[in-house]
Protein chains: 2
Amino acid sequence: MTPEILLKLLSDQTRLRSLMLLMQEGELCVCELTYALDLIQPKISRHLAALRDMQVVIDKRAGQWIYYHINSKLPAWANELLQATLKGSLDEKQYKRDIKKLKSMKNRPENRICA
Amino acid sequence: MTPEILLKLLSDQTRLRSLMLLMQEGELCVCELTYALDLIQPKISRHLAALRDMQVVIDKRAGQWIYYHINSKLPAWANELLQATLKGSLDEKQYKRDIKKLKSMKNRPENRICA
DNA sequence: TACATATATATGCTTATCCGTATATATTGT
DNA sequence: ACAATATATACGGATAAGCATATATATGTA
């Protein structure tokens, strides 16, 4: 992991929004992100794949769902960078909207299964 | 300034390398950056203009030279983000090479004029 | 004034990146 | 086995981003 790689990944809005939600929520499946960000599923999957390829996020299957979370083994500088980004995002409309939309989701898989 | 804007600016190598040198050195003119990064002048100027347009850097004329420095009034999260980026860059070959090249520059304008 | 140096910007081109659609794979439930 | 749900990926097209060259502007110097 290098600053170049991480920053390129963070330069796309879909990846940025996904990561900020993952920072806040810890773990989310594709359908939750698709709902929260109000985007089509292949778009979410494609960008999560890019993050996964560089090991910024880790995926984990649970039944039909695949959950993503931020790699806990990122170097310190990368965690600090993500923290700073989250701090800057807290004021942003887009971020607030995404969180709100996620909270409003009915039948979230984690509410149905015992994780 | 939003995370989206700053991260997009940081996603280009020329801008990233320029900013890291500015973080380290405080203030540099276009010709110093051109020399240190080993790139052509219009390329440096173009990317500095992008950073200036979003007020990530401030320019200041001193005779024929125009010096750039990082805006000291950036929000805290942006400074933290840049600090984390620098921290991650310290290990990188490219960064070390750029710093070394800068130090090797003869007749640096700041060495000739009384700033 | 004329020339040299430093910097900025406009232009047309190339390339990278992102997109939506279609489709493939995996899992669960009937 | 079949249908439904969740996710991943391949593909061709669109858009954005970066590039080098050429040129314009500003400053300093002879």
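Refer to the preceding data block for the structure.
My aim in this report is to walk through the structure given alongside it, one point at a time.

Rules used in this analysis
- Residues numbered from 1 in each chain as written.
- Chains lettered and ligands numbered in written order.
- Predicted model: local features only at pLDDT ≥ 70, side-chain atom pairs only at ≥ 80, totals over all residues.
- Heavy atoms only, no water.
- Helix = DSSP H or I, 4+ residues; strand = E, 2+ residues; numbered from the N terminus.
- Rg over C-alpha atoms; globule rule 2.2 N^0.38 Å.
- Contact = heavy atoms within 4.5 Å.
- Areas by Shrake-Rupley, 256 points an atom, 1.4 Å probe, with all protein chains shown as cover.
- Lys, Arg positive; Asp, Glu negative; His and termini not counted.
- Charge placed at Lys NZ, Arg CZ, Asp CG, Glu CD.
- Buried area = accessible area lost by both parts, 1.4 Å probe.
- Salt bridge = Lys/Arg side-chain N within 4 Å of Asp/Glu carboxyl O.
- Polar contact = N/O pair within 3.5 Å; in protein donor to acceptor, adjacent residues only side chain to side chain.
- Nonpolar A, V, L, I, M, F, W, Y, C, P; charged D, E, K, R; others polar.
- Buried < 20%, exposed > 50% of the residue type's maximum accessible area, 1.4 Å probe, protein only.
- Near = heavy atom within 4 Å.
- Pairing = 2+ DSSP bridges.
- Expected span 1.5 Å × (residues − 1).
- Phe/Tyr/Trp six-rings, centres within 6.5 Å; stacked < 30°, edge-to-face > 60°.
- Lys NZ or Arg CZ within 6 Å of the ring centre and 35° of its normal.

### Digging into the overall build of chain A
And step 1. Broken down by element type, chain A carries seven helices and three strands.
And step 2. Ordered by position in the sequence, the α and β elements of chain A form the string α-α-β-α-α-β-β-α-α-α.
And step 3. Taking 115 residues into account, the globule formula puts the C-alpha radius of gyration at 13 Å, and chain A, at 13 Å, falls close to it.
And step 4. Expressed along its principal axes, the backbone C-alpha trace of chain A runs to roughly 40 × 30 × 25 Å.
And step 5. Restricting the contact set of chain A to residue pairs at least 6 apart, pairs at least 24 apart contribute 64%.
And step 6. When the accessible surface of chain A is split by element, carbon and sulfur atoms take 50% of a total near 6000 Å².
And step 7. Where the 19 positive side-chain charges of chain A centre and where its 13 negative ones centre are 5 Å apart.

### Points about the interface of chain A and chain B
One widely used convention gives an interface's size as the accessible area the parts lose upon coming together.
And step 1. Contact residues are listed per partner, giving 19 residues for chain A and 19 residues for chain B.
And step 2. For the pair chain A and chain B, the summed buried area comes to about 1700 Å², and 65% of that belongs to carbon and sulfur atoms.
And step 3. The tally of links from chain A across to chain B stands at two salt bridges.
And step 4. Its salt-bridge partner being Lys87(B), residue Glu80(A) comes within 2.9 Å of it at the nearest N-O pair.
And step 5. Counting the contacts that link chain A with chain B gives four residue pairs in polar contact (both at pLDDT 80 or more).
And step 6. Where the side of chain A that touches chain B is concerned, the elements lending two or more residues are α1 (3–10), α2 (13–25) and α5 (76–89) of chain A.
And step 7. Looking at the side of chain A that touches chain B element by element, the count peaks at nine residues for α5(A).
And step 8. Of the residues belonging to the side of chain A that touches chain B, the class tally is eight nonpolar, six polar and five charged.

### Let's talk about unusual backbone geometry
All names here are of chain A.
And step 1. In the Ramachandran plot, aspartate 38 falls in the positive-phi region, its phi being about 60° despite a non-glycine side chain.
And step 2. Tracing the backbone through its elements, the reader meets aspartate 38 in the loop between α3 (30–37) and α4 (41–53).
And step 3. In the Ramachandran plot, asparagine 107 falls in the positive-phi region, its phi being about 55° despite a non-glycine side chain.
And step 4. Given the relative accessible area of 55%, asparagine 107 is considered exposed.

### Concerning the protein's contact with DNA strand D
And step 1. In the neighbourhood of DNA strand D, 21 residues make up the surrounding shell, with Cys31(A), Gln41(A), Tyr68(A), Lys43(B) and His47(B) lying closest.
And step 2. In DNA strand D, the atoms that sit within 4 Å of the protein are 67% sugar and phosphate, with bases accounting for the remainder.
And step 3. Within the contact set of DNA strand D, a base nitrogen lies 2.6 Å away from a side-chain nitrogen or oxygen of Gln41(A).
And step 4. Asp12(B) is positioned such that a nitrogen or oxygen atom in its side chain is 3.4 Å from a phosphate oxygen of DNA strand D.

### Describing the sheet that holds strand β2 (residues 57–62) of chain B
Residue and element names in this part refer to chain B.
And step 1. An order of β1-β3-β2 is seen for the three strands of this open sheet, with the pairing classed as antiparallel. Of all the strands in the sheet, just β1 (28–29) and β2 have a single pairing partner and so form its edges.
And step 2. By the bridge criterion, six bridges tie β2 to strand β3 (residues 65–70) in an arrangement that is antiparallel. When the sheet's bridge partners are listed, lysine 60 is paired in β3 with tyrosine 67.

### Description of α4(A)
All names here are of chain A.
And step 1. Between its first and last C-alpha, α4 extends 18 Å over 13 residues, near the 18 Å set by a 1.5 Å rise per residue.
And step 2. Burial in α4 covers these residues: Ile44, His47, Leu48, Ala49 and Leu51.
And step 3. Residues of α4 that are buried in the fold lie against α1, α2, α3, β2 (57–62) and β3 (65–70).
And step 4. In the stretch just after α4, glutamine 55 is the one whose phi turns positive, near 60°.

### What to know about the sheet that holds strand β1 (residues 28–29) of chain A
And step 1. The three strands lie next to each other as β1-β3-β2 (chain A), forming an open sheet whose pairing is antiparallel. The sheet is open, and its two edges are formed by β1 and β2 of chain A, each paired on a single side.

### Looking at the packing of aromatic side chains
And step 1. Going through the model one piece at a time under the given rule, you end up with zero aromatic pairs over all chains.
And step 2. Positioned above the aromatic ring of Tyr35(A) is the side chain of Lys101(A), whose terminal nitrogen or guanidinium carbon lies 4.2 Å from the ring centre.

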